[in-house]
Amino acid sequence: MFKRLMIAGASVAMLAAASPSLAAGPCRDAHGKFVACPAKAAPAKPARCKDAKGKFVKCGTAGAKPA
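Rules used in this analysis
Residues numbered from 1 in each chain as written. Predicted model: local features only at pLDDT ≥ 70, side-chain atom pairs only at ≥ 80, totals over all residues. Heavy atoms only, no water. Helix = DSSP H or I, 4+ residues; strand = E, 2+ residues; numbered from the N terminus. Buried < 20%, exposed > 50% of the residue type's maximum accessible area, 1.4 Å probe, protein only. Areas by Shrake-Rupley, 256 points an atom, 1.4 Å probe, with all protein chains shown as cover. Phe/Tyr/Trp six-rings, centres within 6.5 Å; stacked < 30°, edge-to-face > 60°. Lys NZ or Arg CZ within 6 Å of the ring centre and 35° of its normal. Disulfide = S-S within 2.5 Å.

A few words now on the overall build of the protein. In terms of helices and strands, the protein carries one helix and five strands. Walking the protein from its N terminus toward its C terminus, one meets helices and strands in the order α-β-β-β-β-β. Looking at the 67 residues of the protein, the share that counts as buried comes to 3%. On the protein, roughly 6,500 Å² of surface is accessible, and the fraction owed to carbon and sulfur atoms is 67%.

What follows is the structure, encoded as structure tokens:
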């Protein structure tokens, strides 16, 4: 009896864990129709600047150019 209960509990737990990944599927509009998903924005890279000698400096300093 205990073994069957444990198997049933494990099955329910695995289904509950899988359901969010199924919901994150194709994109839908307000009417429930499938539409193309918007492209994900690339993460912004932190700006790095170099001075005239080629050393990394803060971008606000005089003579600094983006690298």
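What follows continues from the structure just given.
Quick look at the packing of aromatic side chains now. The tally for this structure, following the rule as stated, stands at zero aromatic pairs. Cation over ring: Arg48 sits above Phe56, and NZ or CZ is 4.0 Å from the ring centre.

The tally for this structure, following the rule as stated, stands at two disulfides. Disulfide partner of Cys27: Cys37, at an S-S distance of 2.0 Å. Taking the torsion about the sulfur-sulfur bond, which here is approximately 115°, the covalent link between Cys27 and Cys37 counts as right-handed. Placement of the pair is Cys27 in strand β1 (residues 27-28) and Cys37 in the loop between β2 (34-35) and β3 (49-50), with a sequence separation of ten residues. According to the relative accessible area criterion, Cys27 is partly exposed, its value standing at 24%. Judged by relative accessible area, which is 41%, Cys37 ranks as partly exposed. Here Cys49 engages in a disulfide with Cys59; their sulfurs sit 2.0 Å apart. A torsion of 100° about the S-S bond marks the disulfide between Cys49 and Cys59 as right-handed. Here Cys49 is found in strand β3, whereas its partner Cys59 is found in the loop between β4 (56-57) and β5 (65-66), with ten residues between them in sequence.

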